[in-house]
Amino acid sequence: MKYPFILALSLVIAVSGCSSNPYKRSNKMYKKQAKELVRTLLEVPAVQPYGGKTAAYPVATTNFNLRQPTSVIIHHTAMNSCESTVRAFTRPQSKVSAHYVICKDGTLHHMLNDYLRAWHAGVSRWGATADINAGSLGIELDNNGYEPFAEAQINSLLALLARLKSTYRIPAGAFISHADIAPGRKVDPNAHFPWKRLAAAGYGYWYDEPVSQPQPGSLDSYNALDGLRLIGYDTRDSAAAMSAFKLHFMPEDKSPVVDDRAKSIIINLVNKYKQ
Ligand SMILES: [Zn+2]
């Protein structure tokens, strides 16, 4: 009796395991593309005339490893289901992707090897870095753009961040949002995102509370944009930079006005992390 049962069970597993994955085709394409990259990595740098005397022969160093991710960018998908996002990232014509997608129920899809470059940041800047995709990991949270983030989803995110932070030694300040790196162009993740909770766990900056009440007029000469620039914001569009800052650190305040509270928070962040 035992054997037929085991046989039936393995058949069920085999059938469900094979036929239930609708992404077999894109998984195959992934492997093909990865193999092409491996071929690039295997090439020893050729001897090339760079203006001076050309070397007589190629010589490769023996001391190297893979470049590691140095930052994590958090997004919301602005789509109506996790399935739609995952599907979009498997379609070559969409030209967008992320390393991870986290569904509302906490399900994690790891869609791209951490060492490879995903296409999630677009035109962005943080500090002196403009090609954010080159060194970052992209995490997309299933969210339509306006709703709160599900607890199971945040718990799954926190577990993932713990692994990424320890594996790649990513500093706390390098956990940032898409809105942070693309002021005026992106607003994700939305104002419901729990940055304060994340910062308490070691991901991203947060200011000391309560915020000190400055004497009226005492901060009039303080240039808030200088502070935002020190934190990392692209301040070429000053209103957009202030809006991005407020979305992250003062989500209850929808106005881009630079008031004393915003200045106090910026000063606190700069003194805490950038001195
Ligand atoms: Zn985004």
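Criteria and cut-off values
Residues numbered from 1 in each chain as written. Predicted model: local features only at pLDDT ≥ 70, side-chain atom pairs only at ≥ 80, totals over all residues. Heavy atoms only, no water. Phe/Tyr/Trp six-rings, centres within 6.5 Å; stacked < 30°, edge-to-face > 60°. Buried < 20%, exposed > 50% of the residue type's maximum accessible area, 1.4 Å probe, protein only. Disulfide = S-S within 2.5 Å. Helix = DSSP H or I, 4+ residues; strand = E, 2+ residues; numbered from the N terminus. Donors = N, O, S within 2.8 Å, 3.2 Å for Na, K, Ca; no water. Expected span 1.5 Å × (residues − 1). Contact = heavy atoms within 4.5 Å. Salt bridge = Lys/Arg side-chain N within 4 Å of Asp/Glu carboxyl O.

Visitor: Which residues make up the packing of aromatic side chains, and what values do they have?
Guide: Each aromatic ring pair is specified by the distance between its two centres and by the angle formed by the two planes. Using the criterion set out here, one finds 10 aromatic pairs in the structure. Consider the rings of phenylalanine 193 and tryptophan 195, whose centres lie 4.9 Å apart with planes at 70°: the pair is edge-to-face. According to the relative accessible area criterion, phenylalanine 193 is buried, its value standing at 5%. Since its relative accessible area comes to 3%, tryptophan 195 is described here as buried. Counting every residue linked through ring pairs, the aromatic cluster contains Trp126, Trp206, Tyr207, Tyr233, Phe245 and Phe249.

Visitor: Residue-level account of the state of the cysteines, with values.
Guide: Per the stated rule, a full pass over the model turns up one disulfide. Two residues, cysteine 82 and cysteine 103, share a disulfide whose sulfurs are 2.1 Å apart. Of note, the bridge from cysteine 82 to cysteine 103 carries an S-S torsion of about -80° and is left-handed in sense. Taken together, the positions of cysteine 82 in helix 3 (residues 82-89) and cysteine 103 in the loop between strand 2 (100-102) and strand 3 (108-110) put the pair 21 residues apart, joining distant regions of the chain. Exposure remark for cysteine 103: the relative accessible area of 9% places this residue in the buried category.

Visitor: Which residues make up the coordination of the zinc ion, and what are the values?
Guide: Note on metal sites: the ideal angle is 109.5 degrees for four tetrahedral donors, and 90 or 180 degrees for six octahedral donors. Here the zinc ion is held by His75 (ND1), His178 (ND1) and Asp188 (OD), and the distances to it run 2.0 to 2.2 Å. Motif for the zinc ion, donor spacing along one chain: H-x102-H-x9-D. Of the two residues, histidine 75 sits in strand 1 (residues 71-76) while histidine 178 sits in helix 6 (residues 178-181), which places them 103 residues apart along the sequence.

Visitor: Describe helix 10 (residues 260-273), with residues and values.
Guide: Across its 14 residues, helix 10 extends 20 Å between first and last C-alpha, which sits within 8% of the 20 Å expected from 1.5 Å per residue. For helix 10, the set of buried residues is Ala262, Lys263, Ser264, Ile265, Ile266, Leu269 and Val270. Contacts made by the buried residues of helix 10 are with helix 8 (224-231) and helix 9 (238-249).

Visitor: Describe in detail the pattern of salt bridges, supporting the description with residues and values.
Guide: Tallying each qualifying case throughout the model produces 10 salt bridges. Among the ionic pairs, lysine 272 bridges to aspartate 208, the shortest N-O distance being 3.0 Å. Here lysine 272, found in helix 10, pairs with aspartate 208, found in the loop between helix 7 (195-200) and helix 8; they are 64 residues apart in sequence, far enough to count as distant. The residue aspartate 259 makes a salt bridge to lysine 246 at a minimum N-O spacing of 4.0 Å. Taken as a pair, aspartate 259 in the loop between helix 9 and helix 10 and lysine 246 in helix 9 lie far apart in primary sequence, 13 residues in all. By relative accessible area, lysine 246 is classed as buried at 1%. It is possible to trace a salt-bridge network through shared partners that takes in Lys104, Asp142 and Glu147.

All quantities given are derived from atomic positions and should not be read as evidence of function.
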